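Examining the three-dimensional arrangement
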Number of protein chains: 2
Amino acid sequence: MVTIKDVAKATGVSPSTVSRVIADNPRISPDTKKKVRKAMKDLGYHTNISARNLVVKSTKAIGVIMPSSADKALQNPFFPEILRGIGSVTHRMKYSVTLSSGQTEEEIYEEVQRMVFGSYVDGVILLYSRLNDRVTNFLIERGFPFVIVGKPYENVNGITHVDNDNFTAGKEITEHLIDQGHEKIAFIGGSKDLFVTIDREAGYEAALQEAGHEVSDSYKIHTEFLKSGGREAVENLMSLKTPPTGIVVSDDLMSVGVLSMLEESGVKVPRDVSLVSFNNVYLSEIILPALTTVDIQIHELGAQSAKALIEKTVNKTEPVKRISIPYEIVYRDSVSRLP
Amino acid sequence: MVTIKDVAKATGVSPSTVSRVIADNPRISPDTKKKVRKAMKDLGYHTNISARNLVVKSTKAIGVIMPSSADKALQNPFFPEILRGIGSVTHRMKYSVTLSSGQTEEEIYEEVQRMVFGSYVDGVILLYSRLNDRVTNFLIERGFPFVIVGKPYENVNGITHVDNDNFTAGKEITEHLIDQGHEKIAFIGGSKDLFVTIDREAGYEAALQEAGHEVSDSYKIHTEFLKSGGREAVENLMSLKTPPTGIVVSDDLMSVGVLSMLEESGVKVPRDVSLVSFNNVYLSEIILPALTTVDIQIHELGAQSAKALIEKTVNKTEPVKRISIPYEIVYRDSVSRLP
DNA sequence: AATGTATGTGCAAACGATTTCATGAACTGG
DNA sequence: CCAGTTCATGAAATCGTTTGCACATACATT
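Remember, it's a predicted structure, so these values are computed and weren't measured experimentally.

**Considering the packing of helix H1 (residues 4-11) of chain B against helix H2 (residues 15-22) of chain B**
Residue and element names in this part refer to chain B. With their axes 8 Å apart at the nearest point, H1 and H2 run at an angle of 105° to one another. The orientation of H1 relative to H2 falls into the category roughly perpendicular. The segment H1 lies against H2, with Ile4, Lys5, Val7 and Ala8 engaging Pro15, Val18, Ser19 and Ile22.

**As for the sheet that holds strand E12 (residues 328-330) of chain A**
Residues and elements named next belong to chain A. Pairing is mixed across the open sheet formed by six strands, whose spatial order is E7-E6-E8-E9-E10-E12. Edge positions in the open sheet fall to strand E7 (220-222) and E12, since each of these has one partner strand only. For this sheet, the mean inter-axis angle between neighbouring strands, taken without regard to orientation, is 20°. Seen against the sheet, helix H8 (residues 166-179) touches strand E6 (185-189), strand E8 (246-249), strand E9 (274-279), strand E10 (292-295) and E12 and runs at an angle of roughly 160° to E9.

**Digging into the protein's contact with DNA strand D**
Taken together, 27 residues lie near DNA strand D, and Thr17, Arg20 and Thr32 of chain A together with Ile4 and Ser19 of chain B sit nearest. Across the atoms of DNA strand D situated within 4 Å of the protein, the share located in sugar and phosphate is 63%. Here Arg27 of chain A contributes a side-chain N or O atom positioned 3.1 Å from a base nitrogen of DNA strand D. The separation between a base nitrogen of DNA strand D and a polar main-chain atom of Ala51 of chain B is 3.5 Å. Considering each element in turn, the surface near DNA strand D owes the most residues, five residues, to helix H4 (residues 49-56) of chain B. Among the residues forming the surface near DNA strand D, the class breakdown is ten nonpolar, twelve polar and five charged.

**Regarding a nonpolar patch on the surface**
A cluster of nonpolar side chains, namely Leu54, Val55 and Val56 of chain A together with Leu54, Val55 and Val56 of chain B, defines an oily patch on the protein surface of about 510 Å² accessible area. Within the residue set of the nonpolar patch, elements represented by two or more residues are helix H4 (49-56) of chain A together with H4 of chain B. Tracing the chain through its elements places Val55 of chain A in helix H4. Look at Val55 of chain A and you get exposed, because its relative accessible area is 63%.

**What to know about empty space enclosed by the protein**
Counting across every chain of the model gives seven cavities of 30 Å³ or more. The wall of the largest cavity is formed by 19 residues, among which Asn53 and Tyr120 of chain A together with Asn53, Ala61 and Tyr120 of chain B lie closest to the centre. Partitioning the lining of the largest cavity into residue classes produces seven nonpolar, twelve polar and no charged. In this structure, the second largest cavity occupies an estimated 130 Å³ of space. The element contributing the most residues to the lining of the second largest cavity is helix H5 (residues 78-92) of chain A, with six residues.

**Overview of the nonpolar core**
Among the nonpolar cores identified, the biggest contains 142 residues, and Leu262 of chain A together with Leu262 of chain B are the most heavily contacted of them. Grouped together as the second largest cluster of nonpolar side chains are 21 residues, Ala61, Met115, Phe117 and Phe138 of chain B included.

**Points about helix H9 (residues 195-211) of chain A**
Residue and element names in this part refer to chain A. Compared with an ideal rise of 1.5 Å per residue, which puts 17 residues at 24 Å, H9 spans 24 Å between its outermost C-alpha atoms and is within 8% of the ideal. As for H9, its buried residues are in contact with H8, E6, E7, E8 and E9. Phi for Gly212, located one or two positions after H9, is positive at around 75°.

**Side note on unusual backbone geometry**
All names here are of chain A. Here Val269 and Pro270 are connected by a cis peptide whose omega angle stands at 5°. Checked against the element boundaries, Pro270 lands in the loop between helix H11 (252-264) and E9. Even without glycine at this site, Asp24 takes up a positive phi of about 55°. One can find Asp24 in the loop between helix H2 (15-22) and helix H3 (30-43).

**A closer look at the side chain of Ser191 of chain B**
All names here are of chain B. Of note, Ser191 is situated in the loop between strand E6 (185-189) and helix H9 (195-211). There is a polar contact of 3.0 Å between the side chain of Ser191 and the backbone nitrogen of Asp193. The residues contacting Ser191, other than those within four sequence positions of it, are Thr197, Thr223 and Glu224.

**A few points about the relation of the copies chain B and chain A**
A rotation about an axis combined with a shift along that same axis relates the two copies of the chain. Its rotation angle being 180°, the transformation that places chain B on chain A also includes 0.1 Å of axial translation and leaves an RMSD of 0.1 Å. Both copies of the chain, as the preceding transformation shows, are related through a two-fold rotation axis. A share of 100% of the interface residues of chain B reappears at the interface of chain A, consistent with the copies meeting face to face through the same patch.

**Looking at the interface of chain B and chain A**
It is common to give the size of an interface as the accessible area lost on bringing the parts into contact. Across the boundary between the two partners, chain B contributes 56 residues, which contact 56 residues of chain A. Summed over both partners, the interface of chain B with chain A comes to about 5,200 Å²; 61% of that surface belongs to carbon and sulfur atoms. In terms of surface lost to chain A, no three residues of chain B exceed Gln75, Arg84 and Tyr282 of chain B, which account for 15% of the buried area on that side. For the interface between chain B and chain A, the tally reads zero salt bridges. At the boundary of chain B with chain A, the tally comes to 16 residue pairs in polar contact (both at pLDDT 80 or more). Counting residues per element, the ones that place at least two in the side of chain B that touches chain A are H4, helix H5 (78-92), strand E2 (96-99), helix H6 (105-117), helix H11 (252-264) and helix H12 (283-286) of chain B.

**Focus on the pattern of salt bridges**
One pass over the full model with this rule turns up 32 salt bridges over all chains. Notably, a salt bridge pairs Lys151 of chain B with Asp199 of chain B, separated by 3.1 Å at the nearest N-O pair. Linking Lys151 of chain B in the loop between strand E4 (146-149) and strand E5 (161-163) with Asp199 of chain B in helix H9, this pair joins segments that are 48 residues apart in sequence. For Asp199 of chain B, a relative accessible area of 8% translates into the label buried. Taken together, the salt bridges that share partners define one network made up of Glu201, Glu205, Asp217 and Lys220 of chain A.

Rules used in this analysis
- Residues numbered from 1 in each chain as written.
- Chains lettered and ligands numbered in written order.
- Predicted model: local features only at pLDDT ≥ 70, side-chain atom pairs only at ≥ 80, totals over all residues.
- Heavy atoms only, no water.
- Axes fitted to C-alpha atoms, helices over the stretch in contact; angles between N-to-C directions.
- Helix = DSSP H or I, 4+ residues; strand = E, 2+ residues; numbered from the N terminus.
- Parallel < 35°, antiparallel > 145°, perpendicular 65-115°, else oblique.
- Contact = heavy atoms within 4.5 Å.
- Pairing = 2+ DSSP bridges.
- Near = heavy atom within 4 Å.
- Polar contact = N/O pair within 3.5 Å; in protein donor to acceptor, adjacent residues only side chain to side chain.
- Nonpolar A, V, L, I, M, F, W, Y, C, P; charged D, E, K, R; others polar.
- Patch = residues over 30% accessible without salt bridge, like charges linked within 9 Å, V, L, I, M, F, W, Y side chains within 5 Å.
- Areas by Shrake-Rupley, 256 points an atom, 1.4 Å probe, with all protein chains shown as cover.
- Salt bridge = Lys/Arg side-chain N within 4 Å of Asp/Glu carboxyl O.
- Buried < 20%, exposed > 50% of the residue type's maximum accessible area, 1.4 Å probe, protein only.
- 1 Å grid on protein atoms, 1.4 Å probe; cavity = no way out; pocket = protein on both sides within 12 Å on 5 of 7 lines; lining within 4 Å.
- Points joined across faces, edges and corners; volume = space filled by probe spheres on them.
- Core = buried A, V, L, I, M, F, W, Y, C linked by side-chain atoms within 4.5 Å.
- Expected span 1.5 Å × (residues − 1).
- Least-squares fit on C-alpha atoms with pLDDT ≥ 70 in both.
- Buried area = accessible area lost by both parts, 1.4 Å probe.

Okay, here's the thing in structure tokens:
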């Protein structure tokens, strides 16, 4: 391995000088710079990152924490997409991304501990926001820089996070259904512990209330993921005395599951029931019917969170921010107008 | 930050001793160990990873390189799943995972360079295998440990890789179609540069040939991803004088696109045409019809590649391996028997 | 009793960078 | 021409660990 000393020797300058040309220190003469740079290239020098990290006490790396694997949930295309978003800025800033690999909550917790105590990373992005989360608490307690994608479960004004206005999005998308003449509208969402679900559902309710339509518990389903339990729930829903004519689903992937169940029971979308959802994942435009869904700009969510985190790590006094990524409803073919 | 010296001071031993109890060196007496461990706990000591890396010249980290983003392709659930697989073993071995974040081929190449030259990682997993890939060449040239998920484009016996037997899988799944009475079978795949596509397609052809059925170029479609171009191709395919009765699609996600196009043109699956594909991503069981697909065990693919890579990094003389993950066809509802 | 071998620990030199401080040379202005 | 700056560079300390070697003590062997 070729070190700074080798380059120094080869150029006849001191190691300090080499270090300075690497940092592009203005006090080094252009001549020397040229010479040193050439030597670096010739010898194939690359700075050793551990050595540098050791002295500068920073790693230029951020940790990305995935939710504990509620199994299939991680197959959600949301994740690769948000990783791309994060990557787009980390790459530009020459940061690297360390991914969590724990599966259970406990494993993840240990991992985050290692990351922060061992100085693996300068900051952390949490890809979930769960009620009463150990990891979050730990990070706060240690005063370690982190940002949440989604809404923190408490201390909303004390934690930098990037989110959509899920309440309003939920409200708007169900208003769309209402505009199309629907009154009986159901909601199918994921875990009630997740803030996304909570917010979107609240928006859904608000829209109904505002329009003076009934909001009934029998119209609301919460299912971790749609295998066994989900199927029955959907069947029950559609065999109510007055089944809904519209459904708000809290996630595109979930929507394709719901779609299948419906069609399987002979219910056609959008002919018999209209369906709207969230995320605007690629999937939602290649499925039939293409989904009317709210585009939450996953990529941007990722990019902004990385940006905010990096700012935070370089400047510890950076103020707390609440970043709201605008959403946009994209109208496709899963909704029909009621007479 | 509490260092080894602090612990040493607190216990009245030398730093070396502390270091040795961390390593659980047998030459340290049980008493001392106990004492030191207590102090570490009390003071909240955690070893600084940069410092250690610097001297042991290893990072216990592996790099995972995603393919350059042929855009939507990365939204394939294949990726989160393989990351989970990798994570399952890295976590167990206390390794960390650094994700590539470059989008273009060029960016990725630079990134890999940084990773290896800067000693960011001990080894690298390539999540793709492309014809004449710069990154691969670079890794070989440098003699840097890496494994490929998929089949290397050359020097197959010189590069450790973990793969399915995609040829046989392709053959078997089309034989299933043939068994069900199909003779006119088409193939829809992704880029011809990707080895998965090539192998699966070759298997498809072999099956047809062996059965004495026609294999025609007009039955083969290659589409980067299924937006505009794909749609026409599929339409053309189905409006041939003798349209296929069965289709082999090289990827589940692609299948849902194909499915939609077909249904949109009034072609029902499996009534009018049967469809089989690959991967067995969660999606394929929640869509309607549920897909008959070959389960390639993505998770295992990831786990084995991580395992092989780690072995390789700890033991440089570890022999080259070709690891073949068994696949299994899972029969669902997208195929119908022809009279 | 003399020699040899375990056993447990400490000293000090790495590892490869960055950075503070010092220094000599060259320049500036009066 | 001298004092005061500015400029370009070097010496050496430092970051937190690991590890080869030395050393002292205790024990076993003849």
